[in-house]
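# Architecture at a glance
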Amino acid sequence: MSNPILISLKIYLEQSCCDFFSKRQIDTIFSGGGFTRDESINFEYKRDLINQYYKSLDWESPVIIPKLNQVIETILYSIHLSDDAKNNFRKTLSDIGFKFDGNRVIYQPIIPNNSLFISQFPVGLPFGKPKPEFAVQIDKGSQKLKFEWKNGIGIIDFNVYPDLTYQKLAQNFNLHLGATDGSLRRALKDMNQTEYETKFFIHYATKLNMANQNIPILIPQAWIQWHSQSKKYLNPTSSLNINDIYRVDFVAFWKNKKFAIFIDDISHYATRKHNQETWFASEEEYSKNIQQDRKLMKEGWFVIRFSNWEIKQKELLDKAMIDLQEIIVFS
């Protein structure tokens, strides 16, 4: 490891965890950040346990960045840490360049390079209503997978970090604002799948002037779990399965973070019985959402959910816009 900030952070996190947390709490902190270890080993000392987690990741890879941010935020949200200890923890990290909004990291000085996006989305990020498809191409004597362009699908194959705005998206699609981006605006609106997703998107785009302001663009219907790797290599390197693919209502990229945004209707929490119009509370449906959120969090996503009920009412929809700004931190 050659990055001096990473070296300092690694040492400081280890010392802080040893000073303030039990081994069980350390397990929770690092496993929640996406670190792994050999569960069959019972470590006697905290430092040995932490170093086992440290060994699970390539510290030269940009993938480490969101995982470290998650560990930092978990420590700051911990009920086992006093307010004074949290303030000292923030102060030390601020001295090396981190910036915080309360307990959340809003800026980290470890600047990811283009390989972060490539590692997260090896052949790009498709978005749109239709299911994306792969094309197999010959590249320097070997096979290479690539998304096929098709009607109703957009593909982001450029670096989205640190921030992805409407202007940046249009520029990378070779569109000039005000002249040739009208088709992009219409396409983004038409990609929304439901009435309430469309209303949410239009309200965000118009109320906050998404096309002209330096704010995150909402990318509708993103297929974030469609991977380019073959099954042979996918399972050992990721918790995702290539057959387990689905769309997220919206994604956004801001301050080197990625956000998955859902617009939930009643089917996310209830089910119909015997083809009746009446909906019944369903623990199974609710559990699916909880499991989905945990899976996304392990992959470094920040999950934000809104309901159709909020979008139906202008006052609540306006409040949702404020919440979204404060959560992503771009207000």
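Here the structure is shown first, and the text comes after it.
The text that follows walks through the structure, step by step, so that each part is easy to find. (Residues numbered from 1 in each chain as written. Predicted model: local features only at pLDDT ≥ 70, side-chain atom pairs only at ≥ 80, totals over all residues. Heavy atoms only, no water.)

## Thoughts on the nonpolar core
Quick note on the threshold: Nonpolar core, defined: a set of buried Ala, Val, Leu, Ile, Met, Phe, Trp, Tyr and Cys residues in which side-chain atoms within 4.5 Å join the residues together. We call a residue buried when its accessible area falls under 20% of the maximum for its residue type, exposed when it is over 50%, and partly exposed in between, using a 1.4 Å probe and counting protein chains only. We count a stretch as a helix when DSSP gives it H or I for four or more residues in a row; a strand needs E for two or more, and each element gets its number in order from the N terminus.
With 55 residues, the main nonpolar core has Leu125, Ile156, Phe200, Tyr204, Val251 and Phe253 as its most contacted residues. If one sorts the elements of this core by residue count, strand β8 (residues 248–254) sits on top with six residues. Within the second largest apolar cluster, 32 residues are counted, among which are Phe21, Leu49, Ile65 and Phe89.

## Examining the packing of helix α2 (residues 23–32) against helix α4 (residues 64–77)
Packed helix pairs are characterised by how far apart their axes lie and by the angle those axes make with each other. Our working definition: Axis geometry follows a simple rule: fit a line to the C-alpha atoms, using only the stretch in contact for helices, then measure angles between N-to-C directions, giving values from 0 to 180 degrees. Between 65 and 115 degrees an angle is taken as roughly perpendicular, under 35 as roughly parallel, over 145 as roughly antiparallel, and anywhere else as oblique. When the near helix sits turned anticlockwise from the far one by under a right angle, the crossing is termed left-handed; a clockwise turn instead gives a right-handed crossing. In this description, contact between two residues means that some pair of their heavy atoms is separated by no more than 4.5 Å. Gly is put with the polar residues, along with every residue not named as nonpolar or charged; the nonpolar set is Ala, Val, Leu, Ile, Met, Phe, Trp, Tyr, Cys and Pro, and the charged set is Asp, Glu, Lys and Arg.
Contact pair α2 / α4: the axes reach a minimum separation of 8 Å and the direction vectors enclose 140°. When the axes of α2 and α4 are compared, the pair comes out oblique. For the element pair α2 and α4, the recorded crossing hand is right-handed. Contacts between α2 and α4 involve Ile29, Phe30 and Gly32 on the former and, on the latter, Gln70, Val71, Thr74 and Ile75. Looking at side-chain class alone, the contact of α2 with α4 contains four nonpolar, three polar and no charged residues.

## Here's the deal with the pairing of β8
This is how the line gets drawn: Pairing between strands is defined by DSSP: at least two bridges between them are needed.
Counting buried residues in β8 gives seven out of seven residues, a clear majority hidden from the surface. Looking at chain direction, strand β7 (residues 219–222) and β8 are connected through three bridges and run antiparallel. The residue bridging Pro220 from the neighbouring strand is Phe250, located in β8. For β8 and strand β9 (residues 257–264), the ladder comprises five bridges, and the chain directions are antiparallel. Its bridge partner being in β9, Phe253 is matched across the sheet by Lys258. Between β8 and β9, which follow one another and run antiparallel, lie two residues, and Lys255 among them has a positive phi close to 55°.

## Some remarks on the environment of Phe43
Tracing the chain through its elements places Phe43 in the loop between α2 and α3 (46–54). Spatially, the C-alpha atom of Phe43 lies 8.5 Å from that of Lys23, the residues being 20 residues apart in sequence. Other than its neighbours up to four places away in sequence, Phe43 contacts Lys23, Arg37, Asp38, Asp48, Leu49 and Gln52.

## Describing the pattern of salt bridges
Rule in force here: When a carboxyl oxygen of Asp or Glu lies within 4 Å of a side-chain nitrogen of Lys or Arg, that pair is called a salt bridge.
Tallied over the full model, the rule gives eleven salt bridges. Residues Asp95 and Lys91 are paired through a salt bridge, measuring 3.0 Å at the closest nitrogen-oxygen approach. One end of the pair, Asp95, and the other, Lys91, are both in helix α5 (residues 83–95), four residues apart, so they sit about a helical turn from each other. Look at Asp95 and you get exposed, because its relative accessible area is 54%. Its relative accessible area of 48% is what places Lys91 among the partly exposed residues. The shortest N-O distance in the salt bridge between Arg305 and Asp264 comes to 2.9 Å. Here Asp264 lies in strand β9 and Arg305 lies in strand β12 (residues 301–307), a separation of 41 residues in the sequence. The class of Asp264 is buried, set by a relative accessible area of 3%.

Geometric descriptors of this kind do not, in isolation, establish any biological role.
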